[in-house]
Amino acid sequence: MKQRVLFVCLGNICRSPAAEGIMQKLVEGEGLSDRIEVDSAGTYGGHAGDAADPRMRRAAAARGYDLTSRSRKIVSDDFDRFDRIVVMDDTNYERVHRMAPDIASAEKICRMTDFCRRHRADHVPDPYYEGADGFERVLDLLEDACAGLLDDMRGLVRD
Ligand code: 4NP
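First, a word on what this report is: a plain description of the structure on this page. All values reported here derive from a predicted model rather than from experimental measurement. Residue positions are given per chain, counted from 1 along the sequence in the order it is written. Residues qualify for local features only when their pLDDT is at least 70, as the model is predicted, and side-chain atom pairs are given and counted only at 80 or more; totals for whole chains, interfaces and linings, by contrast, use all residues. Only hydrogens and water are removed before side-chain values are computed, so all heavy atoms of the structure are retained for them.

**A look at the pairing of strand β1 (residues 3-9)**
Two faces, one strand: in a regular strand the side chains alternate between the faces of the sheet.
Line of reasoning, step 1. Burial runs high along β1: 6 of the 7 residues are buried.
Line of reasoning, step 2. Should DSSP find at least two bridges between two strands, the strands are taken to pair. A run of H or I in DSSP becomes a helix once it reaches four residues, and a run of E becomes a strand once it reaches two; helices and strands are each numbered from the N terminus. Both β1 and strand β2 (residues 36-42) contribute to a ladder of 7 bridges, which runs parallel. Among the inter-strand pairings, Cys9 is bridged to a residue of β2, identified as Gly42.
Line of reasoning, step 3. Whether a crossover is right-handed depends on one test, that the path from the first strand over the helix to the second runs clockwise when the strands point away from the viewer. Where the polypeptide runs from β1 across helix α1 (residues 15-29) and back to β2, its parallel neighbour, the crossover connection is right-handed.
Line of reasoning, step 4. Pairing analysis gives 4 bridges linking β1 to strand β3 (residues 84-87), with the strands arranged parallel. Only protein chains enter the area calculation, which uses a 1.4 Å probe; residues under 20% of their type maximum are buried, those over 50% are exposed, and those in between are partly exposed.

Printed below as a string of structure tokens:
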């Protein structure tokens with residue numbers, strides 16, 4: 001069965017595009033591109049149409065990830081389209097939860113840091129007003145969480 005995952009942050013220019021790029025690379029590396037589809041969105045639409053923040057693109061590129069997505073705001077149709085909606089922090093969680101049209105949709109929402117196995121964190125911090133260290137910290141958490149998420153999904157995408 002095909003699984004569709006949507007990563008959500010605030011602006012969809014830093015954290016969630018990076019999560020999308022990291023997950024995409026892991027999925028391709030395991031030959032699961034026809035089984036797992038990834039996308040990202042933001043709860044704030046002010047950057048709609050923008051490429052990922054250049055600071056995040058640079059930091060991600062240094063680790064081998066090419067971030068090509070364009071920012072978009074999450075829409076109610078996303079609850080139909082996606083099997084899992086993975087949010088970066090409590091504010092995203094609350095905003096997305098408020099949009100959920102029914103209980104089944106609300107149950108699709110989970111926190112990115114719940115999939116971390118090497119790091120202890122309860123959210124992926126917003127790096128927008130931070131220095132370079134903030135972007136590296138975000139990538140450390142996202143690499144850890146994407147590996148955990150892929151492992152969690154393995155059983156769902158097997159033949
Ligand atoms: P993101 O970071 O939610 O990780 O994409 C931010 C991007 C933009 C803003 C805040 C956070 N902003 O205030 O415009």
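**Some thoughts on the side chain of Thr43**
Line of reasoning, step 1. Turning to its location among the elements, Thr43 is positioned in the loop between β2 and α2 (54-62).
Line of reasoning, step 2. Using a relative accessible area of 10% as the deciding quantity, one classes Thr43 as buried.
Line of reasoning, step 3. Polar contact criterion, stated in full: a pair of N or O atoms within 3.5 Å, where within protein one must be able to donate a hydrogen and the other to accept it, and residues adjacent in sequence count only if both atoms are side-chain atoms. Side-chain polar atoms of Thr43 contact the side chain of Arg95, separated by 3.3 Å.

**Overview of the nonpolar core**
Line of reasoning, step 1. Nonpolar cores were defined as sets of buried Ala, Val, Leu, Ile, Met, Phe, Trp, Tyr and Cys residues, with membership established by side-chain atoms within 4.5 Å. Of all hydrophobic cores here, the largest spans 37 residues; its most connected members are Phe7, Met23, Met112 and Leu142.
Line of reasoning, step 2. Elements with a minimum of two residues in this core: β1, α1, β2, α2 and α6 (132-157).
Line of reasoning, step 3. Per-element accounting of this core gives the leading share, 11 residues, to α6.
Line of reasoning, step 4. Contacts are assigned to residue pairs with any non-hydrogen atoms lying within 4.5 Å of each other. Other than its neighbours up to four places away in sequence, Met112 contacts Phe7, Ala19, Val86, Val87, Met88, Val124, Leu142, Ala145 and Cys146.

**Side note on the site of the ligand**
Line of reasoning, step 1. We define proximity as follows: a residue is near a molecule or strand when any one of its heavy atoms falls within 4 Å of that partner. Surveying the vicinity of the ligand reveals the residues Cys9, Leu10, Gly11, Asn12, Ile13, Cys14, Arg15, Tyr44, His47, Asp126, Tyr128 and Tyr129.
Line of reasoning, step 2. Between the ligand and His47, the relevant distance is 2.8 Å, taken from an oxygen atom to a side-chain nitrogen or oxygen of the residue.
Line of reasoning, step 3. Taken together, the residues of the shell around the ligand break down into 7 nonpolar, 3 polar and 2 charged. Each residue is assigned to one class: nonpolar for Ala, Val, Leu, Ile, Met, Phe, Trp, Tyr, Cys and Pro, charged for Asp, Glu, Lys and Arg, and polar for all the others, Gly among them.

**A short note on α2**
Line of reasoning, step 1. Turning to α2, its buried residues are Met56, Ala59 and Ala60. Angular distribution of buried residues about the axis of α2 spans 100°; they occupy a single face of the element. Across from the buried face of α2, at angles greater than 90 degrees, the exposed residues are Arg58 and Ala62.
Line of reasoning, step 2. If you follow the buried residues of α2, they end up packed against α1 and α6. Working definition: the arc comes from the directions between the helix axis and the C-beta atoms, pointing outward to the latter.

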